[in-house]
Structure formats: structure tokens, C-alpha cells
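Here is what each chain is made of, one letter per residue.
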Amino acid sequence: MEAAQEYLKEQNEFDDNDEPSSLPFNSPFRSTRLHIQRSNVCSRAYFVVVMVFFHVYILNVIALLLYVHYNNGPGDLVSGDGGSSAADSDNGKSLPHPAPSSRELHVEDYSQSFSLPRIEGIRVGHVQRVSLVPDKTHEMKTLSLKPLLFEIPGFLSEEECRVVVQLAQLKGLMDSQATASSQEQEESNQPLLSLSTEEVFSLLDLNQDGLLQKQEIVSHSHSQDGTWLSPDNLRQILTGLESCPTGMLTLGDFRHVYDVSQHPGQEKSGKLHSQFKQRSKHTWLFQGPGSHHVLRTLRNRVTSLTRLLSALVELSEPLQVIRYEHGDFSNSHYDSSPSNSETTCAHTRLAGNTSALTEVPCRYLTVLFYLTSVEEGGESTFPVADNRTYEEQALVQDGVDLTDTQETCSRGNLRIKPTAGTVLLWYNHLSDGRGWMGELDEYSLHGDCPVRRGVKWVANSWINVNPDYQQQARYQRVVAQRHQAKSGMDYQSLSHSDLHQDL
């Protein structure tokens, strides 16, 4: 005890003799305290920086989610988990009846602006799950990216396929327009009257000034008695006129242009010159109010699948039903037409280009329904699907025309065997990058192989869109005005007898 007290006394004396100036440096307590204070300052700054970055990250995630939501729309049907609502009802065994309230036509639907959504293909073989009817999920498989082509098995039930075929038989089928041979095509293009070049020039020269102008040719294309010049002749003459520096044709210039129009093969020797050939029977089935509920259900289902505005689908062409018997076929062709200043879309003719030479079909996409399976043959062929490049001359190889499905169907890049209930969907046009319809997709060339055994029934649902957004918007306004003027009339008479013609 005494030893401990002695030690404490010596320790106190040592601390008293220490210089005051050395205290801050020798005192471990004060040094540690200053170090803790500096560490706290650094920690607070680091914390602020981390929180700023964290909030910026959260804001970016929210912005991305909002972009995806408004870009795809709340009714986006295509998803990885198939979690979306159906547009029409299907109670299993009984045929589905569409809910009228969800698909009623409103004037504002026709006049509002809209964009054209597209389903993403991702890659060939990619499978997406789509929910189109309650308690059922369909698998949609990407078959090609050029063109953007999808296959949806089980889109229609066996009963729905049977009803569509019966309705087509009940209405009656007619022979599809066809060209059986190049000789028949040449004969069909011959004028019904034999006129000299000078007489043709005089008939076209409306003001008799000795010069042929563009408006005079265009005016003739709208006359009803043009039996002495075919549309192909007129197009050739117009092409020759546009290549003339003065924009007018003298009689001497017209002689050369007219000779070329009478023998187009001499100018197109390097291009694909085969004409579209088809052998089948078809009819058209209206799908609007008053039609069979199965037809209305299919139209609503197409609207849900494509995610397009319902008014756009409802004002498109009726459902085309085609029957291919033994040996029937169709050569490779395009469902739609390239945009051209000299043509106008048939479905928007009410607000179209009145100076256009011809009306052409403008079909944004095609939905092809297989109504029956085929025992042998009858495949749908896409001869240039997913080619690296497209060249029209490449369709003729070693003197063989790849568009001739009778001879070269097996050489197509992609062939799909018909299976009852399966649907094909493909886009006939590219996107213009701004949410609207762009150029014709040349890879959408397709045809039907000859049926070898059995009977093939298919149906086509085409969605009509004008590549010119302003003309399409004008057409929508015209429809709205007529709908208001005829609000007391049945919509069926409005939409197809007054607004649409079968193509």
C-alpha cells in the first residue's frame, strides 16, 4: 500500500514539471479527439455525395418506367409473362361473343391522332406470350426479322374455323383475278381500238397546242372510256414525259415514248418481268355491327394483337376468305404497294390525291388465318426472308424465276405449313422512325405453294394505312364528318358502301 502511494506521488510531480507547450502534442486524449473531428467531416461529405448519386439513379429509373409506359401504352398485350387483359371473351366450348360496349364506334375515335405501334421480334425463334382471351395464353414465335413475321398457334378454335368457312360458302365464292400465262397477259394489255400514234397524240392533247403536258395525261386516266390505252401504257408515257427537260412532249418525242409503252419488255429486259399469277376462289365477309359474332370476335382479337386503334382496324378491308383446291396456288407478290406521288391509297380515296393515275392498296400489315390443315403442299412461302440484301435481279437464277411458286416453291427461304387455327402476322412496311408507316418492306414478298392433296382454306385481314400521315388524318376527319351527318344510319352502310371498296 505504501509503495503504491509513493508511485502516485512521483507520477504527479512528473506531470507538474512538464512544460505546458508540450501538452497538446503529448496528450493522447487531445490528439485522438482532433482526429475524430476530422473523420466526421469527411464522413458527412461522403454521405452527401452518395445520397445525391442515389437520388439521381432513382429519378432515372422512374423516368425510364414512365417512358416505357407511355411508349407502349397501358394496353400493351405482348409481355414476357403474359400478364395483360383480354379484349374479347371466350368461355371454352361455346363460341365467344364480343362485348359491344368495349368496341362501340365513337366519332372522336376517327378524328383523333395516333401512331402505329409495332411488335418487337427480338430474334428469330424468340417466343413471346400474349393474352388475347381470358384464362388462356398464346405463344407468339418470331419466324423472321426481314420481314417482321410472327406465328401464333391456336389463335382460332376449331369451331371458329368451321364457322368462317361455312359463312364463306354461304355467301358464295368467285374466281380470283389471275394471269395464266405471259401470252394472256400480253393479250389483256392490247388496246381494244387500233389507233395510229398521231391519233393517240391528238386524243391526249386536250388543248390541241401540239404539246403534251402532264395534266392532260392525268386527266385521261380518270376518264371512263379509256379503252384504247391501258394503265401501263399511261404510266410509260408519263415516265417519258417526266424525263423530258421541258416537261412536255412534242409529236416526235411522243412517237418514241409511245413505242416503248407498247413494247415494255424491251425496256425491262434486266428486271423481273413475270406477272402475278393466282388460281383460287375467294369472297369477302363484313365484320362490322350486324355481322356474325364470330367475325366480330376475330376482328376484336386482331385489334388486341396488333395494338392498333380500333377505328383504324374497323375501317380497313373486310375479311377475305380464299379456297385453294388441288393444284391451286399464288405466285409470290406483295400485299401492299410502294408509296408513289402518282398513286393514291384506295381506302383513303375520299381525301386522297385527285391527280393520281391509279388507286393502289395500302396495307400496313397482314394477318393470315389458316382455317384448315393441308395434307400435302399449300405452304406459305417467303422466298427472300432474312436475306442479307435484296436485289430484284437475284430472284431470277439460272433462268428460273423464284417468284414462280409452281416451279420453285421448295427453294424459298421460309415455308410455313398450314395448320388449322394458326395465324401469321407480318408487317408489309417498315417504320419511318417516327411512329408511322415507312417504305414497303421488299422482304415481305410471299406466295402460296400449289396444293398437292386436300383443300386449303385461309382468310386475310389487312389493316389499311396511308403512308402519308396528313392524308390519313384528313380521311379520318372525313369519316367523322360523314358519321355525324349520317348518325341515324346503320354503320354498315357508312363504312363499306360509302367509305370503302373491296380491293
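Look a little higher up for the structure.
Residues numbered from 1 in each chain as written. Predicted model: local features only at pLDDT ≥ 70, side-chain atom pairs only at ≥ 80, totals over all residues. Heavy atoms only, no water.

Draft legend 1. Molecular detail of the side chain of Asp441. Relative to the assigned elements, Asp441 resides in the loop between strand S20 (437–440) and strand S21 (446–448). Buried Asp441, no salt bridge; nearest opposite-charge side chain is Arg118, N-O distance 5.8 Å. Ignoring sequence-local partners within four residues, the contact set of Asp441 consists of Pro147, Leu148, Tyr334, Tyr427, Asn428, His429 and Leu430. (Helix = DSSP H or I, 4+ residues; strand = E, 2+ residues; numbered from the N terminus. Buried < 20%, exposed > 50% of the residue type's maximum accessible area, 1.4 Å probe, protein only. Lys, Arg positive; Asp, Glu negative; His and termini not counted. Salt bridge = Lys/Arg side-chain N within 4 Å of Asp/Glu carboxyl O. Contact = heavy atoms within 4.5 Å.)

Draft legend 2. Expanded view of the nonpolar core. If you look at the biggest cluster of nonpolar residues, it comprises 44 residues, and the most contacted ones within it are Leu116, Val164, Val321, Phe369 and Leu371. Excluding anything up to four places from it in sequence, Phe369 contacts Phe155, Leu156, Val302, Leu319, Thr422, Val423, Trp457, Val458, Ala459 and Ser461. Within the second largest apolar cluster, 15 residues are counted, among which are Ile322, Tyr324, Ile416 and Val451. (Core = buried A, V, L, I, M, F, W, Y, C linked by side-chain atoms within 4.5 Å.)

Draft legend 3. Representation of the environment of Leu424. Summarising the element assignment, Leu424 is placed in strand S18 (residues 423–427). Residues Leu424 and Ser380, 44 residues apart in the sequence, show an inter-C-alpha distance of 9.7 Å. Contacts of Leu424, omitting those with residues within four sequence positions, involve Leu143, Leu149, Phe150, Glu151, Thr366, Val367, Leu368, Tyr370, Ser380 and Ile416.

Draft legend 4. Seen up close, the pattern of salt bridges. Under the defined criterion, the tally for this structure stands at ten salt bridges. For Arg255, the salt bridge goes to Glu198, with nearest N and O atoms at 2.9 Å. Residue Arg255 is found in helix H10 (residues 251–262), and its partner Glu198 is found in helix H7 (residues 197–204); the two are separated by 57 residues along the sequence. The partner of Asp432 in a salt bridge is Arg434, and the shortest N-O contact between them spans 3.7 Å.

Draft legend 5. Looking closely at the pairing of S20. One ladder, built from two bridges, connects strand S19 (residues 429–431) with S20; its direction is antiparallel. Looking across to S20, one finds that His429 is bridged to Leu440. In textbook terms, the turn of a hairpin is the stretch between consecutive antiparallel strands, and for S19 and S20 this stretch comprises five residues, one of which, Gly433, has a positive phi near 85 degrees. (Pairing = 2+ DSSP bridges.)

Draft legend 6. Looking closely at the state of the cysteines. Taken as a whole and assessed by the stated rule, the structure comprises two disulfides. Residue pairing for Cys345: its cysteine sulfur links by disulfide to Cys362, the two sulfurs lying 1.9 Å apart. As the torsion about the S-S bond is roughly -85 degrees, the Cys345-Cys362 disulfide counts as left-handed. Taken together, the residues span a long stretch of sequence, with Cys345 in strand S10 (residues 343–345) and Cys362 in the loop between strand S11 (358–360) and strand S12 (363–370) at a distance of 17 residues. Using a relative accessible area of 4% as the deciding quantity, one classes Cys345 as buried. (Disulfide = S-S within 2.5 Å.)

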